[in-house]
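Coordinate inspection notes
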Amino acid sequence: MRTVIKSSTGQLRLNDKSDDFYKLHLKEGIRPDGRMLMEMRPMVLNVGSISTASGSSLVKVGNTTVVCGIKAELTEPNASHPGKGIVVPNVELSPLCSPKFKPGPPCDQAQVVTKFLDNLIQSTNLICLDDLCVENDKLVWILYCDLICIDYDGNIVDASVISLMAALQNVKLPEVKINEECESVEVNLKCTATLKLCSCPVSTTFRVFDRSNIIADPTSMEEELTEGQLTIVTDQQGRIIYMERPGGVTLQEEHVEKCMKRAVIRGAEVQTLYMEVTG
Amino acid sequence: MLKSKVLMVKTRSGKILKIVREHYLRDDIDNGLNGVDLDDHPMLENDLISSEHYIIPDTNVVLKQMDVLEHSCMRNVIILQTVMRETKHRSAPIYKRLRTITQNKDKKFHVFTNEHSIDTWCERRPKESSNDYNDRFIRVATQFYNECLSERNQKAVLLTNDKANCDLAKKEGLLAVTVEDYVRNIVGFPELLDKLAKADEAMEVDKSISYPEHLKLSQLQTGIKSGRFKQGKLNISRQNYLEGKVLPQGEGSKEILIQGRMHLNRAVNEDIVAVEMLPENQWSLPSDVILDVSVQPGAEISESHAEDLKKKHGIPTGKVVGIIKRSWRSYCGILESFGSPDMTRHLFTPAERRIPRIRIETRQAKLLIGQRIVVAIDSWPRFSKYPQGHFVKALGEIGDKDTENKVLLLEHDVAHEPFSQAVLNCLPSANWSIPDEELRKREDLRGLPICSVDPPGCTDIDDCLHLREWTDGNLEVGVHIADVTHFIRPGTALDIEARSRGTTVYLCDKRIDMVPELLSSNLCSLRDDGDRLAFSCIWVMNHNAEIISTRFCKSVIRSKASMTYAQAQMLIDDATQNDDVTIGLRGLNKLAKILKARRTLNGALSLSSPEVRFHVDSETHDPIDLETKKLRDTNSMVEEFMLLANCSVAEKIQKEFSDCAVLRRHPEPPKSNFDVLVNAARTRGLELSINTSRELALSLDEAEKPAENVHPYISVLLRILATRCMYQAVYFCSGLESDFRHYGLAAPIYTHFTSPIRRYSDIMVHRLLAASIGADSTFSDLLNKQEIQQICNNLNFRHRMAQYAQRASVALHTQMFFRGKMVDEQGFIIVVRKNAVQVLIPKYGLEGTVFLDRDHQGNAVGTSNLEYNEDACEIVANGVLLKVFDEVTVQISHDASNIQHQRINLHLMKPKIEGISAP
Amino acid sequence: MAGLELISDQGYRIDGRKPTELRQIRCRLGVFTQADGSSYVEQGNTKVLASIYGPHEPSSNMRSKISHDKCIINCEYSQASFSSAERKHRPRGDRKSLDMAAHIKQTFESCIHTTLYPRSQIDIFLQILQSDGSNYCACVNAATLAIVDAGIAMKDYVCACSASLAKGTTLVDINHVEESAGCAELSAAVMPKLNKIVYSELNGRLHEDEIGKVLDSVVLGCNDMFAVMERTVREHVEETVSNFTHS
């Protein structure tokens, strides 16, 4: 059954993926693009392509493509944390990546993902912020992580996390010392060190369809049809370090457990991918 | 193929930036072996190398052994891009010389762009230092050349003094030789060995002296930033070669005094040094003893004298802790005849008194003693009293006029070689005449009563004047200047050479032209023998010399008469002459007087310098007699209109091109500069007021009025002293400066327009003026502010050097004039110092020092019987009082005891002082 | 970088190119799935992504500008914060970006057959991932390829190139170092087959004698660019067709 629908942005599209159509697929335990319910899309990862940034990465999860660039600068630390460096993530969802997004200030979804990354960094102690400190109370590194989505096909969260991690592993910072005598900053540009990361998280996102079906790694079309989302983050040792459930439809306990198990397996797969790429 | 160069750079604000640059590798880079740039069969033979070979020097060889490379026998040399890049980074003057040789097709030097060639590219290894990386580049390139040359049975030789590099090269199978070995084994050119700059190790150690070590550059920079050290240029005092002053950078800094050999710590005049201040109790005063190296070579400031100085309240004193930038160049001078001429190590004494003596090694000592030679400094190690250098070339016999002239010109950096072929090619043919289209484009002023007034013997006539009365009672006055820019087009070789020379230099017997003679004395010169192209400035004024309107145009003129000042004066005074040229001259004379009075009222200063002209024997070219310049009415007349023209043009170009006009300004000197003048005047009861130039001009005029006790010549002396208080006038670009005033002329805006034949600044002003009236096309650099300011800086430098050269030439001729003579003459004391007085002899325009601490034989007599009163400008010697402006009689004689600095000796005859005056 | 010679005595530029050579160019069409037409262009180290959406019904905020006989073109230009050596705080909406977007909009308004798509809107989105000089030119080239990919009708390809003048020689395809050296820079967008100049911009001061020379080299550069772009499009079409026939 093919109909023409008008989406929220005013676009006209062929709607050969209506609700019923989808349910038919799910009954057979398969999705329109041929995947099983808990199957993830293939991933492509590339680091260091943007030479002007201190560290960069490009991730494709299926069709969703995210580029992350990290710029490192020196600045004075926050008064509340004089010995810690600062990491500032920022996710951009521009009209370039999908007709869903309108030009102008960052939309709600972008802000939510940004906050998610921020929380992730703080709570999981991703980077030892003490390492980023050059001189207590005087000079610290600040890392600006800018993630730009250039092709949006669902599951921006997972792609962002992977791209951020890969970019951080690619960052090289020069050695900095403060010369007491003349109060100037001495930078040894020949001596660069990679960042030390205390943990290497991987996130997996699930969505709930019709209150009972859980699908992993949703595409953009699937995101529109489903309600409720669950994101689980695991680290390299297979422990669950972060979980986010932003409201929506209720979930039953056994579903949550199923998701957790799947997330752990997924975590391991992605870790091997990291290892391969970053060497 | 594309590679990436990634560098991390720190900006001034402290940010760290990652800069990424593309770097392309090509396979089509010319290696020069096709016979065009390099010879097919290099001729230079060397005992160390069996086959024909090409030379590849590394960076240190280029930096230190430039004189060897410039020698004519060194051909077929390949300079790598890496070496060019490093040389540019480390030394700008050597880079300039390197570029000159590489651009000279005859030298057969080829520059190979090895960093972009796919055959010679190397990737930087991790943790490899830049020096090692560059060395590896050079070795790889040498290897590449070896491979290219192997089929021709020729070799590429790496010249390097770096032992590590040499060893690595030999390991890779390359021929690597040190410069010494190479030069020593060259067949057929033994003189090359003298040109070798010495490596630091082979030094003569003076047991007597050990200078403190210089601090490293990084330590100096840290110190300067923290304020512990101050940076500035060292100026050695002309009176005392062991004393100098450093003016630190930054507003409001005071000069720091550096005294004594140890504190100078191997700094040479004009080096940029880092100075550490001494504690206040060690502050000293500039020595008011005149320490003369030629009379007292090797002398030091005596201990007691040094103590004396310290007792008084001293000025900030310091010591040199490190050298930031050396400003060594080639120096002219002579070889001291020490020991036997068979020894190879000799001491060289430079002509410039402020440079210390230099130790050189040469085999040709026998030949060179008695000649003027040129030497360059290589280094100054800690344990050597004198710096080490090497011989560059010989100029000719000492005392020979041509040689001395050459020395003069070299020391003042005046270009005096004949014009190159490229320059001469820009000239039109000698029988050039005005083409018809030019006649049509210009205003035809050939009917006007135009004439020119110049010094006798002048062939480069820049300017002409005319005056006509109109029927409505107003006067039309015109100044016509030679249209040089019609012949010198921008960007041509002729233009570039003129720009670099900057000005014509007038020595007593020679004139070093800025533009070739064909232009200066013939085509551009406004002679009275036909039609000439000119650039005219025409005013309409009333009889009170007030300008009603001004206009400028390019014109064709025909001068009716080229007169000397004397001839013009005679015409004006002769009542029987009434042709239109003479009437014009009279009118101009009247207007000029009005203009001058107006200028003086506004504060223009008329200052004096004791100018003297030599009559030169036409056979021997030796000076016969001196003639002081007399100022006639006509001199003043021409001067007034030139000034007026310059002012009018300045206003016009400033209006049209407000941010890139070439102007001239004269900064107002600080009041402290006048202290000596005011003190001196006060001793004769004359109060000079110096608040504004107007007050100064008026008080100098007041001083001319006859009064008791005041010799009439004193007013002239006061003017001469006033001239010495002034700053130099300088050229500048109007967009980069806000103060346009000319203090000396009391003009709000001024430029040079009237002498394009002998000054390049006038050529620039001509171009701007022509563009503003639409008479000539513009060109891209006309409006480039930075370029203009750079040219102005060069012109200021050349102008200064020309003045010094001219003065030196006059001194040279004065000496030659007094050879073998002994004359008594009247003079006036112009400056009083602690151990001497300086006397000015008006008849010869000569100024010299009469030492009061030695007798007339030159033996030291001691200063115990000298009482010096600085404020009163007087000194009592053996009971006789000598005050400033006193009239004295001196005996002038020529002293050839020091060959290099032959001098005029002045001995006091009247007033007679026991033990000092000549009998 | 005082004293940086833009062109050495041997005739090579800082990065080793000859004055008339363009940088290494890589382009791909059809890189994104969401957009109707997309492309990725690399000119040396300048990397640009272009996405085209349209023609589609005008979005709500553009409704006021609907035209009954032609389509409206909306262009947005954004430069990633990490694209240049110093971090850019405002990726979009700042003066320069708005300026650039307006220029590109004007360029394409004259090239696209707007009369074929009345009452609709075409969006051009440009994202600079790495910036190393000649941003405008790379954007125009990327946008052209994306429009071709989207199947929107154009009068001709639009190719853009920049040139500058140093020591009397024209340098084509300026990179960032040459841009900041302070010489005058001329950028132009040209329709090669029709031989028409669509847009040109001069920064700095050029003497009237020299401008002819510089303009000529820019046009030559654009023609070279056209050759590369056309080849890319042909290869893309061949690939697509072969995929089609095989599957």
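Residues numbered from 1 in each chain as written. Chains lettered and ligands numbered in written order. Predicted model: local features only at pLDDT ≥ 70, side-chain atom pairs only at ≥ 80, totals over all residues. Heavy atoms only, no water.

You'll find chain C entered in an unreviewed UniProt entry as Putative exosome complex component RRP41, with Phallusia mammillata given as the organism. Check the Function (unreviewed entry) section of the UniProt entry for chain C; it says "Non-catalytic component of the RNA exosome complex which has 3'->5' exoribonuclease activity and participates in a multitude of cellular RNA processing and degradation events." In the Subunit (unreviewed entry) part of its UniProt record, chain C is described as follows: "Component of the RNA exosome complex." (UniProt positions renumbered as here; feature names shortened; annotations may be inferred.)

Identification of chain A as Ribosomal RNA-processing protein 43 from Phallusia mammillata is taken from an unreviewed UniProt entry. Here is the UniProt Sequence similarities (unreviewed entry) comment for chain A, exactly as written: "Belongs to the RNase PH family."

Moving on, we get to the overall build of chain A. Assigned secondary structure in chain A consists of five helices and 14 strands. Considering only contacts in chain A between residues 6 or more positions apart, those separated by 24 or more positions represent 66%. Carbon and sulfur atoms form 51% of the exposed surface of chain A, whose accessible area is close to 12600 Å². (Helix = DSSP H or I, 4+ residues; strand = E, 2+ residues; numbered from the N terminus. Contact = heavy atoms within 4.5 Å. Areas by Shrake-Rupley, 256 points an atom, 1.4 Å probe, with all protein chains shown as cover.)

On to the state of the cysteines. Chemically, a disulfide is nothing more than a covalent bond linking the sulfur atoms of two cysteines. Residue and element names in this part refer to chain C. Per the counting criterion, the structure on display carries zero disulfides over all chains. Free cysteine: Cys 111, not disulfide-bonded; nearest cysteine sulfur from Cys 159 at 10.0 Å. Residue classification places Cys 111 among the buried residues on the basis of a relative accessible area of 0%. Left unpaired, Cys 222 is separated from the closest cysteine sulfur, that of Cys 161, by 5.1 Å. (Disulfide = S-S within 2.5 Å. Buried < 20%, exposed > 50% of the residue type's maximum accessible area, 1.4 Å probe, protein only.)

Moving on, we get to the interface of chain C and chain A. Facing the 29 residues of chain C at the interface are 31 residues of chain A. In total, about 2500 Å² of surface goes out of reach between chain C and chain A, with carbon and sulfur atoms giving 54% of it. For chain C, the biggest contributors to the area lost against chain A are C:Gln34, C:Phe82 and C:Arg87; these three give 29% of the whole. Counting every contact that joins chain C to chain A gives zero salt bridges. Scanning the region where chain C abuts chain A turns up 13 residue pairs in polar contact (both at pLDDT 80 or more). The set of elements that each furnish at least two residues to the side of chain C that touches chain A consists of strand 3 (46–56), strand 4 (72–79) and strand 5 (121–130) of chain C. (Buried area = accessible area lost by both parts, 1.4 Å probe. Salt bridge = Lys/Arg side-chain N within 4 Å of Asp/Glu carboxyl O. Polar contact = N/O pair within 3.5 Å; in protein donor to acceptor, adjacent residues only side chain to side chain.)

A word on the side chain of C:Ser39. Residue and element names in this part refer to chain C. Structurally, Ser 39 can be placed in strand 2 (residues 37–43). For Ser 39, the side chain forms a polar contact with the main-chain oxygen of Ala 142, separated by 2.6 Å. Not counting residues up to four positions away in its chain, the partners in contact with Ser 39 are Arg 28, Leu 29, Val 31, Val 48, Leu 49, Ala 50, Ala 142, Leu 145 and Ala 146.

This paragraph deals with the environment of A:Ala167. With respect to the element layout, A:Ala167 can be found in helix 3 (residues 156–170). In this structure the C-alpha to C-alpha distance between A:Ala167 and A:Ile70, which are 97 residues apart in sequence, comes to 6.9 Å.

Okay, the environment of A:Ile150 next. Tracing the backbone shows A:Ile150 in strand 8 (residues 139–151). In the structure, A:Ile150 is positioned 54 residues away from A:Leu96 in sequence and 6.4 Å away in space, judged by C-alpha atoms. Among residues more than four places away in sequence, those in contact with A:Ile150 are A:Leu58, A:Thr65, A:Val67, A:Leu96, A:Cys97, C:Phe32 and C:Leu49.

Now for the interface of chain C and chain B. One frequent convention defines the size of an interface as the accessible area lost when the parts assemble. Listed per partner, the contact involves 26 residues of chain C and 26 residues of chain B. Buried area between chain C and chain B, summed over both chains or domains, comes out near 2200 Å², and the portion from carbon and sulfur atoms is 43%. The largest share of the area that chain C buries against chain B comes from C:Tyr12, C:Asp15 and C:His207, three residues that together contribute 21% of it. At the surface where chain C touches chain B, the tally comes to three salt bridges. At the boundary of chain C and chain B, one finds eight residue pairs in polar contact (both at pLDDT 80 or more). Taken together, the residues of the side of chain C that touches chain B sort by class into five nonpolar, eight polar and 13 charged. (Nonpolar A, V, L, I, M, F, W, Y, C, P; charged D, E, K, R; others polar.)

Residues and elements named next belong to chain B. At a minimum axis separation of 10 Å, helix 19 (residues 633–656) and helix 23 (residues 760–772) run at an interaxial angle of 60 degrees. On the basis of the axis angle, helix 19 is oblique to helix 23. Regarding helix 19 and helix 23, the two cross each other, and that crossing is left-handed. Across the interface between the two elements, Val 649, Lys 652, Ile 653 and Glu 656 from helix 19 touch Val 765, Leu 768, Leu 769 and Ser 772 from helix 23. A per-class count over the contact of helix 19 with helix 23 returns five nonpolar, one polar and two charged. (Axes fitted to C-alpha atoms, helices over the stretch in contact; angles between N-to-C directions. Parallel < 35°, antiparallel > 145°, perpendicular 65-115°, else oblique. Left-handed = near helix turned anticlockwise from the far one by under 90°.)

Residues and elements named next belong to chain B. Strands sit in the order 34-35-36 across an open sheet of three strands; the sheet is antiparallel. Taken across any chain shown, the strands that pair with only one partner, and hence form the sheet edges, are strand 34 (866–869) and strand 36 (880–883). Neighbour to neighbour, the strand axes of the sheet diverge by 15 degrees on average, direction disregarded. (Pairing = 2+ DSSP bridges.)

Before going further, it helps to spend a moment on the pattern of salt bridges. One pass over the structure, following the stated rule, counts 56 salt bridges over all chains. Put simply, A:Asp130 and A:Lys84 hold a salt bridge, and the shortest N to O gap is 3.6 Å. Linking A:Asp130 in the loop between helix 2 (108–124) and strand 7 (133–135) with A:Lys84 in the loop between strand 5 (64–75) and strand 6 (86–93), this pair joins segments that are 46 residues apart in sequence. Residue A:Lys84 is classed as partly exposed on the basis of its relative accessible area of 33%. A salt bridge links C:Lys18 to B:Asp28; the nearest nitrogen and oxygen atoms lie 3.2 Å apart. In this pair, C:Lys18 sits in the segment before strand 1 (25–29) while B:Asp28 sits in the loop between strand 2 (16–24) and strand 3 (53–57), so the two residues belong to two different chains. Counted as one network, the salt bridges with shared partners bring together A:Arg31, A:Asp33, A:Arg35, A:Arg41, A:Asp153, A:Asp217 and A:Glu222.

All names here are of chain B. All told, the structure shown has 16 aromatic pairs over all chains when counted by the stated rule. For the pair Phe 112 and Phe 144, a centre-to-centre distance of 5.8 Å together with 15 degrees between the ring planes defines the contact as stacked. With a gap of 32 residues between them, Phe 112 in strand 5 (residues 109–112) and Phe 144 in helix 5 (residues 130–150) connect regions that are remote in the sequence. Using a relative accessible area of 0% as the deciding quantity, one classes Phe 112 as buried. Site record: aromatic cluster; members linked through ring pairs are Phe 112, Phe 144 and Tyr 145. Positioned above the aromatic ring of Phe 419, the side-chain terminus of Arg 501 is 4.3 Å from the ring centre. Over the aromatic face of Tyr 731 sits the side chain of Arg 664, whose NZ or CZ is 4.6 Å from the ring centroid. (Phe/Tyr/Trp six-rings, centres within 6.5 Å; stacked < 30°, edge-to-face > 60°. Lys NZ or Arg CZ within 6 Å of the ring centre and 35° of its normal.)

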